[in-house]
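Summary of the model geometry
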Amino acid sequence: MAAGLLLLGDSRLPAGGHAHSGGLENAVARGEVHDLDTLTDFLLGRLYGNGTVQAAFAACAALVAGPYGLDADGPWADLDAELDARTPSASSRASSRAQGRSLRRIARAAWPEEPWTALGVSPHHAIVLGAAATRARLDAREAAVLAATNTVNGPASAAVKLLSFDPIAVTVVLAEMAGHCDQVAEEAATAARTVLADGDWDRLPAWSAPGLDVCAELHAREEVVHFAS
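These notes cover the structure that comes with them. (Residues numbered from 1 in each chain as written. Predicted model: local features only at pLDDT ≥ 70, side-chain atom pairs only at ≥ 80, totals over all residues. Heavy atoms only, no water.)

1. Description of the overall build of the protein chain
Of regular secondary structure, the protein chain possesses 10 helices and zero strands. Starting at the N terminus, the α and β elements of the protein chain follow one another as α-α-α-α-α-α-α-α-α-α. Whereas a compact globule of 229 residues would reach a radius of gyration of roughly 17 Å, the protein chain reaches 17 Å, a difference of no more than 12%. Viewed in the frame of its principal axes, the protein chain has a C-alpha envelope of about 50 × 35 × 35 Å. Relative to its full complement of 229 residues, the protein chain shows a buried share of 49%. Looking at the protein chain alone, contacts between residues at least 24 apart form 78% of all its contacts between residues at least 6 apart. If you sum the accessible surface of the protein chain, you get close to 10600 Å²; carbon and sulfur atoms cover 54% of it. Once the 17 positive and 28 negative side-chain charges of the protein chain are each reduced to a mean point, those two points are 6 Å apart. (Helix = DSSP H or I, 4+ residues; strand = E, 2+ residues; numbered from the N terminus. Rg over C-alpha atoms; globule rule 2.2 N^0.38 Å. Buried < 20%, exposed > 50% of the residue type's maximum accessible area, 1.4 Å probe, protein only. Contact = heavy atoms within 4.5 Å. Areas by Shrake-Rupley, 256 points an atom, 1.4 Å probe, with all protein chains shown as cover. Lys, Arg positive; Asp, Glu negative; His and termini not counted. Charge placed at Lys NZ, Arg CZ, Asp CG, Glu CD.)

2. Overview of the nonpolar core
Leu-8, Trp-76 and Leu-79 are the most contacted members of the largest nonpolar core, which has 66 residues in total. Ignoring anything within four residues of it in the chain, the contact list for Leu-79 reads Phe-57, Cys-60, Ala-61, Ile-127, Trp-201 and Leu-204. (Core = buried A, V, L, I, M, F, W, Y, C linked by side-chain atoms within 4.5 Å.)

3. Description of the packing of aromatic side chains
Applying the stated rule across the entire model yields one aromatic pair. Their ring planes at 40° and their centres at 6.4 Å tell us that Trp-111 and Trp-116 sit as a pair that is tilted. (Phe/Tyr/Trp six-rings, centres within 6.5 Å; stacked < 30°, edge-to-face > 60°.)

4. Regarding the pattern of salt bridges
Summed over all chains, the structure comprises seven salt bridges. Residue Asp-198 pairs with Arg-203 through a salt bridge whose shortest N-O separation is 2.6 Å. Given a relative accessible area of 38%, Asp-198 falls into the partly exposed group. Connected via shared salt-bridge partners are Asp-80, Asp-84 and Arg-97. (Salt bridge = Lys/Arg side-chain N within 4 Å of Asp/Glu carboxyl O.)

5. A look at helix 5 (residues 90-110)
An α-helix turns once every 3.6 residues. As a result, residues three or four positions apart point the same way. With 21 residues, helix 5 should cover 30 Å at 1.5 Å per step; its first-to-last C-alpha distance of 30 Å lies within 8% of that length. Buried within helix 5 we find Ser-91, Ser-95, Ser-96, Arg-97, Gln-99, Gly-100, Ser-102, Leu-103, Arg-104 and Ala-107. One side-chain oxygen of the residue at the start of helix 5 lies 3.3 Å from the amide nitrogen of Ser-91, identifying that residue as Ser-89. (Expected span 1.5 Å × (residues − 1). Polar contact = N/O pair within 3.5 Å; in protein donor to acceptor, adjacent residues only side chain to side chain.)

6. Here's the deal with the side chain of Glu-82
In this fold, Glu-82 is placed in helix 4 (residues 76-85). Exposure remark for Glu-82: the relative accessible area of 18% places this residue in the buried category. When sequence neighbours within four positions are dropped, the list of residues in contact with Glu-82 reads Phe-57 and Trp-201.

7. As for helix 9 (residues 178-198)
The end-to-end C-alpha distance of helix 9 is 31 Å, a good match for the 30 Å that 21 residues give at a rise of 1.5 Å each. Of all the positions in helix 9, only Cys-181, Val-184, Ala-185, Ala-188, Ala-189, Ala-191, Ala-192 and Val-195 are classed as buried. In the core, the buried residues of helix 9 are packed alongside helix 3 (36-65) and helix 7 (140-163). Two residues or fewer past helix 9, Gly-199 is found with a positive phi of approximately 70°.

8. A few points about the packing of helix 3 against helix 8 (residues 167-176)
Two quantities define a packed helix pair, namely the angle between the helix axes and the distance between the axes. Running from amino to carboxyl end, helix 3 crosses helix 8 at an angle of 40°, the nearest separation of the two axes being 11 Å. Here helix 3 is positioned oblique relative to helix 8, judged by the angle of their axes. You can see that helix 3 and helix 8 cross each other, and the crossing is right-handed. Of the residues in helix 8, those touching helix 3 at Leu-36, Leu-39, Thr-40 and Leu-43 are Ala-169, Val-170, Val-173 and Leu-174. (Axes fitted to C-alpha atoms, helices over the stretch in contact; angles between N-to-C directions. Parallel < 35°, antiparallel > 145°, perpendicular 65-115°, else oblique. Left-handed = near helix turned anticlockwise from the far one by under 90°.)

9. Quick word on the layout of surface pockets
Taken as a whole, the second largest pocket spans an internal volume of roughly 170 Å³. The wall of the second largest pocket is formed by Val-145, Thr-149, Val-152, Asn-153, Leu-174, Met-177, Ala-178, Cys-181 and Asp-182. Going through the elements one at a time, helix 7 and helix 9 are the ones with two or more residues in the lining of the second largest pocket. Tallied by class, residues from the lining of the second largest pocket come to six nonpolar, two polar and one charged. (1 Å grid on protein atoms, 1.4 Å probe; cavity = no way out; pocket = protein on both sides within 12 Å on 5 of 7 lines; lining within 4 Å. Points joined across faces, edges and corners; volume = space filled by probe spheres on them. Nonpolar A, V, L, I, M, F, W, Y, C, P; charged D, E, K, R; others polar.)

Structural data, given as structure tokens:
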């Protein structure tokens with residue numbers, strides 16, 4: 001299990017995550033994030049908003065991949081549509097799908113025996129992450145942990161580049177958020193199990209962070225940027 005977590009959680013995994021700031025670049029440009037305290041607030045807002053949704057869908061994808069496998073008989077299209085509906089920003093949807101395509105290419109190379117095409121041409125990242133987690137012998141909660149930490153690790157790394165923060169200081173911020181990530185992942189996995197048990201997709205988390213959606217859309221209109229999102 002630990003090896004699978006290290007593999008899919010490694011920042012060196014060539015899935016394109018390093019090219020995305022998760023809205024942080026625009027927040028920095030507008031002066032909303034300028035020190036470690038405001039970075040912490042930004043990361044917590046992202047975790048409990050977008051992170052909760054991503055973690056739940058990663059857990060759900062992991063659970064779906066159990067009984068159905070990665071074939072067309074699974075409710076992959078429904079899962080994709082539900083996550084799409086919970087991602088208001090067109091720019092964020094595009095970023096999620098771009099990273100999903102990259103991660104699917106990696107998964108197809110690592111586990112070529114699986115029919116990854118069932119996930120669609122441009123699947124959302126969290127859904128691919130959840131499905132890939134099962135192939136790395138991880139359970140739904142561990143898939144949710146990966147998704148939750150992913151929503152804060154990317155922006156934190158971007159903060160080091162954009163604001164010249166001490167990497168050690170940023171790592172301390174992330175370490176202090178570990179408990180929050182565990183809490184989000186646990187609740188997300190529980191929600192995913194409940195949803196698959198009763199078939200009510202509406203019970204999946206639909207938290208939103210309008211400020212992040214605004215950042216994503218404004219960032220997409222900028223002519224010169226350091227990150228894709």
